[in-house]
Amino acid sequence: MQSLARTLPHVLLTPSGLLPGKRGITRKIQSLLSTVLSRKMSSPASKDQAESQNFPFLLDDHTVGAFKESKTLILLRGLPGSGKSHLAKEILDKYGDVARVISADKHDIKPAVKSVISDEYNQLDKTLIGNFNKKGVNVIVLDDTHHDKERLETIFDIADDHKFTVVIVEPKTQWRRDCNQLKDKSHWKLSLEELKGMKAPFDTDVLPLYFGWFLTTSSADVLKKMRHNFLEHLGSLKAFRKRAKPSFIHDENHRGKVDLISYFGQKPNILHCTTKYCNHGTAPGSKEYAQNDAVKKGYGKAFTLSISALFVTPEVAGARVDLDDQQLLLWPADAEKEVVPTENLPKGSRAHITLGCAKDVKDVQTGIELLKIVQLQIKGEKGEEMGELCGGELRYFNNDMWVLFLPRKVEVKAIFCGFYGKSKSSLESGKKDSALLSCTIV
């Protein structure tokens, strides 16, 4: 009471409470007293609530802007009562009309140790797909426990089919793993035993096939136009047609042009710059990488990548990415050594965006081809000048490697997260690739 007296110096107190007086004054004093008590009692909770919402996509303006111009599925994951629904509301309030929240609770799906494929889940998936296809909806929040592996794989496949990047988020509330508290917070009134039965999957992080920077929709559109113009003009260039090996396809219907756009017809679903291949946690060093402090802080955050050159070889078409100091913190120390174990190439030399691959060529080859060019440059080779193309300087290197050095770096926005879907090549499915493991750059 004495502390309240100091807080309210103009309120007279007696040993038995408030000094008797007029009813109007008493009501005002009681109202003010109630407000102060409420603030004092709620301050620890408010602090915890603020901590629980400490995510880049809520606090960082650059990231918020990137999410709004991208296609992102925010997959909320956690035990019942851990704060997912509150976080979903925060995201919806932040993003407004470009966001939608899809809740398992509102589809009457009761959390269980094993997620059974029910009519309710089928309906939820239809709702999810419907929102994926809605124009102007760029941020979709899926609110469920997401503890079941098979259920997660279904969602990852749906997101990949609709070209949505997935960001997995777990609330940071202090009680998120405390089953004793959770049983009283969830409206499902699950027993302590039921909650404990669901807890084990949350003790292990869900690791992606690979981590990387995934371009926003608007930035991807810019790079796709650059790709189209580069390949179109390069294929029309007389010097290119003269030097191109028979491996490149000549299309007579295009007046002798090399149809590079069709030749590099295998393209990634979402343009990205891979940092670390994890194979869902089975690849060497993947778990350690995921626990890196810079990776944890950078996850779900937007970055601006700089593209300095476009390049073509008989195998791939790609864009060279120049990483800044902050981005290099997310780059594995052994990324270049994986390809060239005998040399010490500059960190980040392998950073690239695959723009297309020739038939039966895997995306991973793009980084290998780039390192061949980098190594030649380190040895002092500048390539043969081939004139101006698309405003940049075109140079030819041996072995049919063509590099377009841009007049100025092109900046693209990208979100750092992971690709969680299934692999699309023998390398990504876990089989060894001799091109990667035994590559010798000449």
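Residues numbered from 1 in each chain as written. Predicted model: local features only at pLDDT ≥ 70, side-chain atom pairs only at ≥ 80, totals over all residues. Heavy atoms only, no water.

> Explanation requested: the packing of aromatic side chains in the structure shown.
Aromatic ring pairs are described here by two measures, namely the spacing of the ring centres and the angle between the planes. Enumeration over the complete set of coordinates arrives at 15 aromatic pairs. Each ring, one from Phe 55 and one from Phe 57, has its centre 5.2 Å from the other, and the planes form 10°; the classification is stacked. Taken as a pair, Phe 55 and Phe 57 share a single burial class, namely buried. Both rings, one in Tyr 263 and one in Phe 264, keep their centres 4.9 Å apart while their planes meet at 85°; by these two values the pair is edge-to-face. For the residue pair Tyr 263 and Phe 264, the accessibility class agrees, reading buried in each case. (Phe/Tyr/Trp six-rings, centres within 6.5 Å; stacked < 30°, edge-to-face > 60°. Buried < 20%, exposed > 50% of the residue type's maximum accessible area, 1.4 Å probe, protein only.)

> So what exactly am I meant to see when it comes to the pairing of strand S10 (residues 316-322) here?
Within a regular beta strand, the side chains point alternately toward one face of the sheet and then the other, so they alternate between its two faces. Along S10, six of the seven residues are buried, which leaves the element largely enclosed by surrounding structure. Across six bridges, the pairing between strand S9 (residues 301-312) and S10 is antiparallel. Paired with Ser 306 across the strands is Asp 322, a residue of S10. A loop of three residues connects S9 with S10, the two strands running antiparallel in sequence. (Helix = DSSP H or I, 4+ residues; strand = E, 2+ residues; numbered from the N terminus. Pairing = 2+ DSSP bridges.)

> Would you mind showing me how to read the side chain of Ser 103 here?
Take Ser 103: it is sitting in strand S4 (residues 99-103). Within polar-contact distance, the side chain of Ser 103 engages the backbone nitrogen of Asp 105 at 3.2 Å. Other than its neighbours up to four places away in sequence, Ser 103 contacts Leu 124 and Asp 143. (Polar contact = N/O pair within 3.5 Å; in protein donor to acceptor, adjacent residues only side chain to side chain. Contact = heavy atoms within 4.5 Å.)

> It is not clear to me how the pairing of strand S3 (residues 72-76) should be interpreted in this structure. Could you clarify?
The buried count for S3 comes to five of five residues, which makes it a mostly enclosed element. Residues Thr 72, Ile 74 and Leu 76 line one face of S3 and the alternating positions Leu 73 and Leu 75 line the opposite face, and both faces are buried. Pairing analysis gives five bridges linking S3 to strand S5 (residues 139-143), with the strands arranged parallel. By the bridge assignment for S5, Leu 76 is matched with Asp 143. The sheet contact formed by S3 and strand S6 (residues 165-169) spans five bridges and is parallel.

> Is there a simple way to explain the packing of helix H6 (residues 119-132) against helix H7 (residues 149-161) in this structure?
Two measures define how a pair of helices packs: the angle their axes make with one another and the distance between the axes. One can describe the packing of H6 onto H7 by two numbers: an axis separation of 11 Å at closest approach and a directional angle of 25°. One finds that H6 runs roughly parallel with respect to H7. Considering the relative orientation of H6 and H7, their crossing is right-handed. Facing H6, whose interface residues are Tyr 121, Leu 124, Asp 125, Leu 128, Ile 129 and Phe 132, H7 presents Arg 151, Thr 154, Ile 158 and Ala 159. (Axes fitted to C-alpha atoms, helices over the stretch in contact; angles between N-to-C directions. Parallel < 35°, antiparallel > 145°, perpendicular 65-115°, else oblique. Left-handed = near helix turned anticlockwise from the far one by under 90°.)

> Help me out: how do you make sense of the environment of Asp 363 in this one?
Within the fold, Asp 363 resides in the loop between strand S11 (352-357) and helix H16 (365-378). With a relative accessible area of 30%, Asp 363 lands in the partly exposed category. In sequence terms Asp 363 and Gln 266 are 97 residues apart; their C-alpha atoms lie 8.9 Å from each other. Not counting residues within four places of it along the chain, the set of residues in contact with Asp 363 comprises Pro 268, His 352, Thr 354 and Cys 357.

> Explain the side chain of Arg 227 here, please?
Looking at where Arg 227 falls in the secondary structure, it is placed in helix H10 (residues 217-236). The buried charged residue Arg 227 lacks any salt bridge, with Asp 259 as its nearest oppositely charged partner at 8.6 Å. (Lys, Arg positive; Asp, Glu negative; His and termini not counted. Salt bridge = Lys/Arg side-chain N within 4 Å of Asp/Glu carboxyl O.)

> Any chance you could explain H16 here in plain terms?
What sets the pattern is the α-helix's 3.6 residues per turn: residues three or four places apart point alike. With 14 residues, H16 extends 20 Å between its outermost C-alpha atoms, agreeing within 8% with the 20 Å of an ideal straight helix rising 1.5 Å per residue. Of all 14 residues that make up H16, eleven are buried, and the element is covered over most of its length. Where H16 is concerned, the buried positions are Gln 365, Thr 366, Gly 367, Ile 368, Glu 369, Leu 370, Leu 371, Ile 373, Val 374, Gln 375 and Leu 376. Following H16 by one or two positions, Gly 380 has its phi on the positive side, about 100°. (Expected span 1.5 Å × (residues − 1).)

> Can you walk me through empty space enclosed by the protein in this structure?
One water molecule sets the probe size; rolling that probe over the atoms shows where empty space is left. On inspection of all chains with the given rule, the structure shows two cavities of 30 Å³ or more. Reported here for the largest cavity is a volume of approximately 90 Å³. In terms of lining residues, the largest cavity is bounded by Phe 156, Asp 160, Phe 164, Thr 165, Val 166, Phe 214, Ile 270, Gly 418, Phe 419, Tyr 420 and Gly 421. Every element with two or more residues in the lining of the largest cavity is listed here: H7, S6 and strand S14 (401-419). Counted by class, the lining of the largest cavity contains seven nonpolar, three polar and one charged residues. What lines the second largest cavity is Ala 309, Phe 311, Arg 320, Leu 370, Ile 373, Gln 377, Val 403 and Phe 405. Breaking the lining of the second largest cavity down by element, the ones donating at least two residues are S9, H16 and S14. Per-element accounting of the lining of the second largest cavity gives the leading share, three residues, to H16. (1 Å grid on protein atoms, 1.4 Å probe; cavity = no way out; pocket = protein on both sides within 12 Å on 5 of 7 lines; lining within 4 Å. Points joined across faces, edges and corners; volume = space filled by probe spheres on them. Nonpolar A, V, L, I, M, F, W, Y, C, P; charged D, E, K, R; others polar.)

> How should I be thinking about the pattern of salt bridges in this particular structure?
Where side chains of opposite charge bring their charged atoms close, a pairing between them can arise. Within this structure, the stated rule accounts for 15 salt bridges. A salt bridge links Lys 297 to Asp 293; its shortest N-O distance comes to 3.3 Å. Pair noted here: Lys 297 and Asp 293 are both in helix H14 (residues 293-298), with a separation of four residues, about one helical turn. What makes Asp 293 partly exposed here is its relative accessible area of 47%. The partner of Glu 385 in a salt bridge is Arg 395, with the nearest N and O atoms 3.2 Å apart.

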